[in-house]
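Below, each chain spelled out in residue letters.
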Amino acid sequence: MRTKVAIIGSGPAGLLLGQLLTGSGVDNVIVERQTREHVLGRIRAGVLEKGMVSLLERAGCDARLHKEGLIHEGFEIADNDRRIHIDLKKLTGGDTVTVYGQTEVTADLMAAREQGSAQTFYSASDVALHDFDGASPHVTFTVDGQAHRLDCDIIAGCDGYHGVSRQSLPERSRTLYERLYDFGWLGLLADVPPATQELVYSRNERGFALVSMRSPTRSRYYVQVDTSEKVENWGDDRFWDELRQRVPADVAEHVTTGPSIEKSIAQLRSFVCEPMRFGRLLLCGDAAHIVPPTGAKGLNLAASDIHYAFEAIRDFLDNAGDGALADYSVRALTRVWKAERFSWWMTSVLHNFKDHSGFERRLQQAEMDYIFGSERGRAALAENYVGLPY
Ligand code: FAS
Ligand code: PHB
């Protein structure tokens, strides 16, 4: 088989790139390790930056998003017994975010791809990348016991943190940057009406909590937990009790409890692989970087990577040469590191750290005092939250 672009991974990054390429007449094939149902069953992000919304519009996958997505003009930060509204629209001169689950984004992109003729291989095993630094880049994999070879011009590694693409880079050619956190997020999804109209990020002496939602009838909540915690130790009642102790009283009294339809613990890490391009291999999304979800940047960074990757691939195929591919890594990493900084900062100011010294606790308090006391400080927060320009 031959295609122009071999995409590894059918998550939001791979599917979005596939749609943009197909829409531009560039042949592409997606190779995905999991089943289609497994990919569609993932519950992850929930907040879309304006840049991602624009890309989904460009990909022709925005109809349901505009029908069901919730436009949010702000959110709240609660700090134990005080709270402040971050008026995104006012502080950014009109920008907002859209609350629409990653699960729905994936479903919309998958449905659009399946309406066209672009090929996707699910349940692919032994996926391996070859000669991406040479003259004949290609991917090999097995499906239903049959071995396949896919020759291509470009390989887009959109296979997430645990994928094969980043691991395929020669160790000498890559530099990894990482910060681990001594806590995770226990998330719960329930078909109950949200407690609030907007998101509430709650800093609390018991630990961080986040009040979020997916729709007027579906709520998404998170509580900070120790990395040693196991989800089986958290029955729904224990979750609801802990959540209500970590949010302001008026929010707690509006929490409607109900049976969880999903409950899981996500470990938090900050991670970047440099470079994001090696020969004809481009790393996109979680394959190249991870952010703690506090700043709602993970999914949105995958989107900006795809914006840059799509432009680089188009220019390369228009005979702009390898320079177009080199630009990709530089452009993507500039925005990645700004989102890494913001996500690290939001995480640092809102969570309890076991290993914090007295000095660090005072710094955290000063950060909160500054946000509560400075509209310019809130404007800087808002500018990052809605998404820095591509
Ligand atoms: P993905 O991981 O989504 O997709 C990669 C795809 O590649 C997967 O389908 C995988 O099966 C496939 N793959 C892996 N190895 C392969 C191989 N060898 N061969 C072929 N295919 C392979 N972000 C937020 O903004 N907010 C959140 O609240 C949030 N919560 C999260 C919770 C969890 C548990 C996780 C893991 C992530 C969360 N994220 C969140 C970040 C998340 O949304 C990612 O940023 C987003 O999924 C990135 O999309 P992709 O880069 O497409 O990677
Ligand atoms: C979510 O609704 O899943 C969500 C929202 C905002 C975040 C993280 C997760 O910062």
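Residues numbered from 1 in each chain as written. Chains lettered and ligands numbered in written order. Predicted model: local features only at pLDDT ≥ 70, side-chain atom pairs only at ≥ 80, totals over all residues. Heavy atoms only, no water.

Trainee: What should I look at first to understand the overall build of the protein in this one?
Mentor: The number of helices and strands found in the protein is 13 helices and 20 strands. Its C-alpha radius of gyration of 21 Å places the protein within 12% of the 21 Å reference for a compact globule of 390 residues. A principal-axis box enclosing the C-alpha atoms of the protein has dimensions of 60 × 40 × 40 Å. Burial statistics for the protein: of 390 residues in total, 57% are counted as buried. Once local pairs closer than 6 in sequence are excluded, the contacts in the protein between residues at least 24 apart make up 71%. (Helix = DSSP H or I, 4+ residues; strand = E, 2+ residues; numbered from the N terminus. Rg over C-alpha atoms; globule rule 2.2 N^0.38 Å. Buried < 20%, exposed > 50% of the residue type's maximum accessible area, 1.4 Å probe, protein only. Contact = heavy atoms within 4.5 Å.)

Trainee: Where do I start with the sheet that holds strand E10 (residues 138-143) in this structure?
Mentor: Two orientations exist for strands paired in a sheet by backbone hydrogen bonds: parallel and antiparallel. The antiparallel open sheet is built from 3 strands, whose spatial order is E9-E10-E11. Of all the strands in the sheet, the pair left with one neighbour each is strand E9 (125-130) and strand E11 (146-151). Put simply, the sheet's adjacent strands are angled 15° from each other on average, direction ignored. The pairing of E10 with E11 spans 6 bridges and is antiparallel. Within E11, the residue paired with threonine 140 across the bridge is arginine 149. (Pairing = 2+ DSSP bridges. Axes fitted to C-alpha atoms, helices over the stretch in contact; angles between N-to-C directions.)

Trainee: Can you help me understand empty space enclosed by the protein in this one?
Mentor: Overall, the coordinates contain 3 cavities of 30 Å³ or more when judged by the stated rule. One number sums up the size of the largest cavity: a volume of about 60 Å³. Residue lining of the largest cavity: Glu49, Lys297, Arg335, Lys338, Ala339, Phe342, Asn384, Gly387 and Leu388, and that is the complete set. Per-element tally for the lining of the largest cavity: the top contributor is helix H11 (residues 322-350), with 4 residues. For the lining of the largest cavity, the per-class residue count stands at 3 nonpolar, 2 polar and 4 charged. By volume, the second largest cavity is sized at about 40 Å³. For the lining of the second largest cavity, the per-class residue count stands at 2 nonpolar, 3 polar and 1 charged. (1 Å grid on protein atoms, 1.4 Å probe; cavity = no way out; pocket = protein on both sides within 12 Å on 5 of 7 lines; lining within 4 Å. Points joined across faces, edges and corners; volume = space filled by probe spheres on them. Nonpolar A, V, L, I, M, F, W, Y, C, P; charged D, E, K, R; others polar.)

Trainee: Looking at this model, I keep getting lost on helix H13 (residues 375-386). Mind explaining?
Mentor: Three- or four-residue spacings in an α-helix give side chains the same orientation, since the helix completes a turn every 3.6 residues. Taking 1.5 Å of rise per residue, 12 residues should cover 16 Å, and H13 covers 16 Å from first to last C-alpha, within 8% of that figure. Those residues of H13 that fall on the buried side of the exposure criterion are Gly377, Arg378, Leu381, Ala382, Asn384, Tyr385 and Val386. For H13, the capping residue at the N-terminal end is serine 374, with a side-chain oxygen 3.2 Å from the backbone nitrogen of arginine 376. One or two residues past the end of H13 sits glycine 387, with phi positive at roughly 110°. (Expected span 1.5 Å × (residues − 1). Polar contact = N/O pair within 3.5 Å; in protein donor to acceptor, adjacent residues only side chain to side chain.)

Trainee: Help me understand the sheet that holds strand E4 (residues 70-72), please; the structure alone is not making it clear to me.
Mentor: The 3 strands lie next to each other as E3-E7-E4, forming an open sheet whose pairing is antiparallel. Where the open sheet ends on each side, the last strands, each with one partner, are strand E3 (47-48) and E4.

Trainee: Is there a simple way to think about the nonpolar core in this case?
Mentor: Within soluble globular proteins, side chains that are nonpolar tend to cluster in buried spots. Formed by 75 residues in total, the largest nonpolar core has its most connected members in Leu16, Leu48, Leu56, Phe141 and Tyr328. Non-local contacts of leucine 16, meaning those with residues more than four positions away in its chain, are made with Leu55, Leu56, Ala59, Leu109, Ala303 and Ile306. Listed in part, the 33 residues of the second largest apolar core include Ile84, Phe183, Phe208 and Ala382. (Core = buried A, V, L, I, M, F, W, Y, C linked by side-chain atoms within 4.5 Å.)

Trainee: Honestly, the site of ligand 1 in this entry has me stumped. Any pointers?
Mentor: Near ligand 1 there are 29 residues, and of these Glu32, Arg42, Arg44, Gln102 and Asp286 occur at the shortest range. A distance of 3.3 Å separates an oxygen atom of ligand 1 from a polar backbone atom of proline 12. At a separation of 2.6 Å, an oxygen atom of ligand 1 approaches a polar side-chain atom of glutamate 32. The fraction of the free accessible surface of ligand 1 (990 Å²) that becomes covered by protein chains is 86%. (Near = heavy atom within 4 Å. Areas by Shrake-Rupley, 256 points an atom, 1.4 Å probe, with all protein chains shown as cover.)

Trainee: Any chance you could explain the layout of surface pockets here in plain terms?
Mentor: Vacant regions in the atomic arrangement are exposed by a probe of water-molecule size rolled over the atoms. Taken as a whole, the second largest pocket spans an internal volume of roughly 360 Å³. Of all the secondary-structure elements, those providing two or more residues to the lining of the second largest pocket are strand E13 (175-190), H11 and helix H12 (358-373). Here the residues of the lining of the second largest pocket are counted per class, giving 7 nonpolar, 3 polar and 5 charged.

Trainee: Honestly, the pairing of strand E2 (residues 28-31) in this entry has me stumped. Any pointers?
Mentor: Along any regular strand, the residues point their side chains to alternate faces of the sheet. Neither face of E2 is left uncovered, since the one carrying Asn28 and Ile30 and the one carrying Val29 and Val31 both have all their residues buried. Where strand E1 (residues 5-8) and E2 come together, 4 bridges link them in parallel fashion. Bridge pairing in E2 links isoleucine 8 to valine 31. Looking at chain direction, E2 and strand E8 (residues 119-121) are connected through 3 bridges and run parallel. What sits directly across from valine 29, in E8, is glutamine 119.

Trainee: Would you explain the domain arrangement of the protein in this entry?
Mentor: Interface size is often expressed as the accessible area that is lost when the parts come together. Segmentation of the protein into domains returns domain 1 (5-72 + 97-178 + 269-347) and domain 2 (182-267 + 352-386). Of note, the centres of domain 1 and domain 2, computed from C-alpha atoms alone, are 28 Å apart. Facing 24 residues of domain 1, the contacting portion of domain 2 comprises 22 residues. For the pair domain 1 and domain 2, the two sides together bury roughly 1900 Å², of which 65% comes from carbon and sulfur. Its largest share of buried area at the contact with domain 2, domain 1 owes to Ile43, His72 and Trp345, together 27% of the area lost on that side. The tally of links between domain 1 and domain 2 comes to 0 salt bridges. Where domain 1 packs against domain 2, one counts 5 residue pairs in polar contact (both at pLDDT 80 or more). Among the elements of the structure, E4, strand E7 (97-99) and H11 are those that each provide at least two residues to the side of domain 1 that touches domain 2. With 6 residues, the top contributor of residues to the side of domain 1 that touches domain 2 is H11. The residue inventory of the side of domain 1 that touches domain 2, partitioned by class, reads 11 nonpolar, 6 polar and 7 charged. (Domains from an automatic or database assignment. Buried area = accessible area lost by both parts, 1.4 Å probe. Salt bridge = Lys/Arg side-chain N within 4 Å of Asp/Glu carboxyl O.)

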